[in-house]
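Per-entry structural report
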Amino acid sequence: MTMKAVTGHDPRQMFSQVPFTRMLQMRREFSEGGKARLCIDAREELGNVIGAIHGGVVITLIDVAMASAAVSHCNFERTAVTLNLNTSFLEPGRGALTADSELVSCDDQVAWCKAVVTDADGRVVARGQGTFRYLPLPQ
């Protein structure tokens, strides 16, 4: 199976065009100046055996939030793919989750970002950090 590249006229909307993030119903609150905030609501199909949001969903939220922060730093003129992702889980993620991310440093090719995921009560659910390679936008 060959995957089709996500392309579009407005690179600021690229993440919302990815079928996987649409399936998760991930929302971007903002992405600008090297910072981003993404949110996801709890739904039964995103749950795990303890009734929390599955860790894979939390990691995806962290990953997309950090990539969004990275590309906002270059005004969405490039995209970014994950090179490395490290996540620490601190609490089960219950209810709506918010990932706040920021670019820590970058050069012309690689961005290093960090993120924190909190629940609706402000409890820290997870922390992440990662490196992202800048690539040209798909044509």
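Summarised in this report is the structure supplied together with it. (Residues numbered from 1 in each chain as written. Predicted model: local features only at pLDDT ≥ 70, side-chain atom pairs only at ≥ 80, totals over all residues. Heavy atoms only, no water.)

**Describing the overall build of the chain**
When you go through the chain residue by residue, the secondary structure sums to 2 helices and 6 strands. Going residue by residue from the N terminus, the α and β elements of the chain occur as α-β-β-α-β-β-β-β. When the 139 residues of the chain are sorted by exposure, 37% land in the buried category. Taking the intrachain contacts of the chain between residues at least 6 apart in sequence as the baseline, contacts between residues at least 24 apart amount to 61%. A total of about 8,000 Å² of accessible surface is found on the chain, and carbon and sulfur atoms cover 51% of it. (Helix = DSSP H or I, 4+ residues; strand = E, 2+ residues; numbered from the N terminus. Buried < 20%, exposed > 50% of the residue type's maximum accessible area, 1.4 Å probe, protein only. Contact = heavy atoms within 4.5 Å. Areas by Shrake-Rupley, 256 points an atom, 1.4 Å probe, with all protein chains shown as cover.)

**Section: the side chain of S101**
In this structure, S101 sits in strand β4 (residues 97–106). Polar contacts involving the side chain of S101 include one to the main-chain carbonyl oxygen of A65, which spans 2.7 Å. Excluding residues that lie within four positions of it along the chain, S101 makes contacts with G34, K35, A36, A65, M66, A69, K114 and A115. (Polar contact = N/O pair within 3.5 Å; in protein donor to acceptor, adjacent residues only side chain to side chain.)

**Topic: the pattern of salt bridges**
Side chains carrying opposite charge are able to pair once their charged atoms draw close together. Going through the model one piece at a time under the given rule, you end up with 5 salt bridges. A salt bridge links R123 to D121, with the shortest nitrogen-to-oxygen separation between them at 3.5 Å. For D121, a relative accessible area of 60% gives the class exposed. Three or more residues joined by partner-sharing salt bridges are found here, namely D119, D121 and R123. (Salt bridge = Lys/Arg side-chain N within 4 Å of Asp/Glu carboxyl O.)

**A short note on helix α2 (residues 55–73)**
With 19 residues, α2 should reach 27 Å at 1.5 Å per residue; the first-to-last C-alpha distance of 27 Å fits that figure. N75 sits one or two positions beyond α2 and adopts a positive phi of about 55°. (Expected span 1.5 Å × (residues − 1).)

**Points about unusual backbone geometry**
Unlike most non-glycine residues, Q25 shows phi in positive territory, near 60°. Relative to the assigned elements, Q25 resides in the loop between α1 (19–24) and β1 (27–32). If you check the backbone angles, F76 has positive phi at about 60° while not being a glycine. Looking at the secondary structure, you find F76 in the loop between α2 and β3 (78–89).

**Let's talk about the packing of aromatic side chains**
Evaluated as defined, the whole model comprises 0 aromatic pairs. Seen from the ring of Y134, R78 lies directly overhead, with NZ or CZ sitting 4.1 Å from the centre. (Phe/Tyr/Trp six-rings, centres within 6.5 Å; stacked < 30°, edge-to-face > 60°. Lys NZ or Arg CZ within 6 Å of the ring centre and 35° of its normal.)

It is worth stressing that arrangement in space is one thing and function is another; only the former is reported here.
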